[in-house]
Amino acid sequence: MKTIVHIDLNAFFAQCELLSDPTLKGKPIAIAYDSKRSVLSTASYEARAFGVNSAMPVSTAKRLCKNLVIIPPHFELYSYHSKHFFSYLKKRYPILEQASIDECYIDMSDDIPMGKEQEYLFDLQMTLYRVTKLKCSIGCGANRFLAKMGSDMKKPLGLTILNQGNIPTLLWPLAISKMYGIGKKTAPKLMEAGVLTIGDLAHCEDPKVKKILGNNFEYFKGHAQGFGSDFIDNSAFDPKSMSSERTFQEDAFFEEGVEMIKKCCEEVCQELHKYHKKALSVGVKLRTPDFVTKSRRTSFSEPIDDVASLFAYAMKVFEQLYKDQPIRLIGVSIERVIDIEENKEDDHLIEQWNSQLEYGGKIIKASDIVKK
Ligand code: DCP
Ligand code: MG
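As the structure is a prediction and not an experimental result, all values here were calculated from the model.

## Observations regarding the overall build of the chain
What the chain contains, in helices and strands, is 15 helices and 15 strands. At 22 Å, the chain has a C-alpha radius of gyration in line with the 21 Å of a compact globule built from 372 residues. By its C-alpha atoms, the chain is 65 × 60 × 45 Å across when sized along the principal axes. The buried share among the 372 residues of the chain stands at 33%. Sequence-distant contacts in the chain: of pairs separated by 6 or more residues, those separated by 24 or more amount to 59%.

Written out as structure tokens, the structure is:
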């Protein structure tokens with residue numbers, strides 16, 4: 001049996017902002033462009049106490065929490081802290097798979113003595129906090145699913161070890177909507193079919209539920225019973241393309257098409273930020289109700305990662321494709337993605353950090369870490 005660990009930073013973008021400006025400590029903060037139509041990237045735990053959450057419109061968040069401090073995103077700052085945090089871990093643990101800007105899976109089978117998970121991981125969590133000044137939640141189990149569910153159970157600074165002994169008391173009572181991999185659309189369908197908790201799925205034989213989950217029924221049921229993959233892919237965290245597409249419920253026309261292009265551009269940009277990338281080209285796909293699909297793309301000389309620029313280029317392509325016909329599906333994709341250059345790191349931020357960073361017990365310069 002393997003020992004798989006999942007580490008997820010707590011309210012990551014908000015923690016990074018707090019490190020840059022300690023006067024924000026204790027205040028409810030959220031990261032977003034402060035415009036009526038934008039949504040929050042994340043919120044601090046102080047803001048979450050008011051019901052404020054990721055992906056919530058700014059207007060709703062302000063209504064829920066009058067004193068909410070809205071901070072515009074600083075992606076280079078987040079990228080910098082993420083690199084520092086994961087490069088420390090990668091040096092200690094070779095079998096590490098980074099899954100996003102703020103989370104990773106690690107195979108620690110050869111690192112943790114049997115039965116010593118709690119002490120070992122508590123010590124690691126404290127070391128990470130001391131070295132990086134960042135708080136994380138840790139989950140541990142015999143496979144990826146248990147580790148991922150564990151890290152989500154207590155935040156901030158949570159540590160949860162799941163095993164066959166405590167699965168019935170810790171995992172099974174959770175709502176089915178909390179199960180990793182079950183999306184917003186599937187959860188209500190499962191609930192309607194009587195699967196309210198993860199435990200219900202672990203014991204389910206209902207053909208209605210089998211129909212809802214299709215080929216994935218055994219996969220999800222296995223997870224609910226505490227089984228799953230324990231393979232950690234430690235090849236580079238490096239997607240080469242990203243896309244987002246939507247089918248309209250009813251045939252759409254130009255205006256709805258433009259709205260959808262905007263939404264897809266926002267999603268693709270979120271992916272770019274998550275992986276610290278910029279795009280050099282954008283493509284648009286348009287499908288009509290007779291299932292004829294047309295697509296076209298355009299390249300740009302300067303790499304971009306902001307919604308406004310991506311949307312402007314995508315619109316140029318869309319205007320070439322659109323010929324007053326009804327639309328069934330719209331998609332936006334980027335195929336040429338490149339890393340954000342290291343030399344674009346904000347010198348000011350690095351300067352601010354040079355006095356504070358401690359690395360492997362020694363005080364070293366932030367700029368040295370960035371160069372590595
Ligand atoms: N993020 C985003 N838009 C979302 C969700 C997340 O831009 N809809 C960004 C901001 C988050 C970061 O990704 O800080 C990491 O995402 P997580 O889902 O891990 O959320 P947090 O780290 O903010 O909170 P948690 O403590 O729940 O992990
Ligand atoms: Mg997180």
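## Notes on the environment of Ile71
Positionally, Ile71 belongs in strand β4 (residues 69-71). Sequence-wise, Ile71 and Ala142 are 71 residues apart; in three dimensions their C-alpha atoms are separated by 39 Å. Those residues in contact with Ile71 that lie beyond four places of it in its chain are Glu17, Ile29 and Ile31.

## Focus on the sheet that holds strand β1 (residues 4-9)
A sheet is described by the order of its strands in space; here 5 strands give the open sequence β5-β6-β1-β7-β8, paired in mixed fashion. Single-partner strands in this sheet number two, and they are β5 (96-100) and β8 (159-161). When strand polarity is set aside, the average angle formed by the axes of neighbouring strands in this sheet is 15 degrees. The pairing of β1 with strand β6 (residues 103-107) spans 5 bridges and is classified as antiparallel. Considered in β6, the bridge of Val5 is made with Ile106.

## Thoughts on the site of ligand 1
In the vicinity of ligand 1 lie 14 residues, with Asn10, Phe12, Phe13, Ser41 and Thr42 positioned nearest. Of all the secondary structure elements, the ones that give two or more residues to the shell around ligand 1 are β1 and α1 (12-20). Of the residues contributing to the shell around ligand 1, the split by class is 6 nonpolar, 5 polar and 3 charged.

## Topic: the nonpolar core
In globular proteins that are soluble, nonpolar side chains generally tend to be buried together. Val5 and Ala30 are the most contacted members of the largest nonpolar core, which totals 57 residues. Here this core spans two domains, and each of domain 1 (1-162 + 342-372) and domain 2 (169-224) adds at least three residues to it.

## Some remarks on the packing of helix α12 (residues 254-274) against helix α13 (residues 307-321)
The contact between α12 and α13 brings their axes to 9 Å, and the two run at 135 degrees. One element, α12, and the other, α13, form an angle in the oblique class. Handedness of the α12/α13 crossing: right-handed. Together, Gly257, Ile261, Lys262, Cys265, Glu266, Val268 and Cys269 of α12 and Val307, Leu310, Phe311, Ala314, Met315 and Phe318 of α13 make up the contact between the two elements. Looking at the contact of α12 with α13 residue by residue, the class counts come to 10 nonpolar, 1 polar and 2 charged.

## As for the environment of Ala47
Its location among the elements puts Ala47 in helix α2 (residues 45-48). Each residue touching Ala47, except ones within four places of it in the same chain, is listed here: Pro28, Ile29, Ala30, Val52, Cys65 and Leu68.

## Focus on the sheet that holds β4
Pairing between the strands of a sheet is mediated by backbone hydrogen bonds and can be parallel or antiparallel. Read from one edge of the open sheet, 3 strands run β3-β2-β4, paired in mixed fashion. A strand with exactly one partner marks an edge of an open sheet, and here the two such strands are β3 (42-43) and β4. Taken together, the 2 bridges between strand β2 (residues 29-31) and β3 define a ladder with antiparallel strand orientation. The residue bridging Ala30 from the neighbouring strand is Ala43, located in β3. Running at roughly 115 degrees to β2, α1 makes contact with β2, β3 and β4 of the sheet.

## Considerations on the pairing of strand β10 (residues 277-287)
The buried fraction of β10 is high, at 8 of 11 residues. Sheet topology places β10 next to strand β13 (residues 337-339); 3 bridges connect them, and they run antiparallel. When the sheet's bridge partners are listed, Ala279 is paired in β13 with Val337. Note: β10 against strand β11 (residues 293-304), 8 bridges, orientation antiparallel. Within the sheet, the bridge partner assigned to Ala279 lies in β11 and is Ile304.

## Points about unusual backbone geometry
Residues Lys155 and Pro156 are joined by a peptide bond in cis, for which omega reads -10 degrees. If you trace the backbone, Pro156 turns up in the loop between α6 (144-153) and β8. With a phi angle near 60 degrees, Asp324 is a residue other than glycine that sits in the positive phi range. Judged by the 6 C-beta atoms lying within 10 Å of it, Asp324 is exposed.

## A look at the confidence of the model for the chain
Per-residue confidence for the chain averages 89 on the pLDDT scale, and 91% of its residues sit at or above 70. Under a pLDDT of 50 for its full length, residues 342-372 has, in the predicted model, 32 contacts with residues more than four places off or in other chains.

## So, the pairing of strand β12 (residues 327-334)
For β12, a buried count of 6 out of 8 residues is recorded, marking the element as mostly surrounded by other parts of the structure. As paired strands, strand β9 (residues 242-252) and β12 are joined by 7 bridges and run antiparallel to one another. Across the sheet, residue Ala252 finds its bridge partner in β12, namely Ile327.

## Overview of α12
Count 3.6 residues to each turn of an α-helix, and residues three or four apart come out pointing the same way. Between its first and last C-alpha atoms α12 spans 30 Å; for 21 residues at 1.5 Å apiece the expected length is 30 Å, and the two agree. Within the sequence span of α12, burial applies to Gly257, Met260, Ile261, Cys264, Cys265, Val268, Cys269 and Leu272. Trailing α12 by a residue or two, His276 shows a phi angle of about 55 degrees, which is positive.

Definitions and limits used
- Residues numbered from 1 in each chain as written.
- Chains lettered and ligands numbered in written order.
- Predicted model: local features only at pLDDT ≥ 70, side-chain atom pairs only at ≥ 80, totals over all residues.
- Helix = DSSP H or I, 4+ residues; strand = E, 2+ residues; numbered from the N terminus.
- Rg over C-alpha atoms; globule rule 2.2 N^0.38 Å.
- Buried ≥ 20, exposed ≤ 12 C-beta atoms within 10 Å, placed from the backbone.
- Contact = placed C-beta atoms within 7 Å.
- Pairing = 2+ DSSP bridges.
- Axes fitted to C-alpha atoms, helices over the stretch in contact; angles between N-to-C directions.
- Near = placed C-beta within 6 Å.
- Nonpolar A, V, L, I, M, F, W, Y, C, P; charged D, E, K, R; others polar.
- Core = buried A, V, L, I, M, F, W, Y, C linked by C-beta atoms within 7 Å.
- Domains from an automatic or database assignment.
- Parallel < 35°, antiparallel > 145°, perpendicular 65-115°, else oblique.
- Left-handed = near helix turned anticlockwise from the far one by under 90°.
- pLDDT = per-residue confidence, 0-100.
- Expected span 1.5 Å × (residues − 1).

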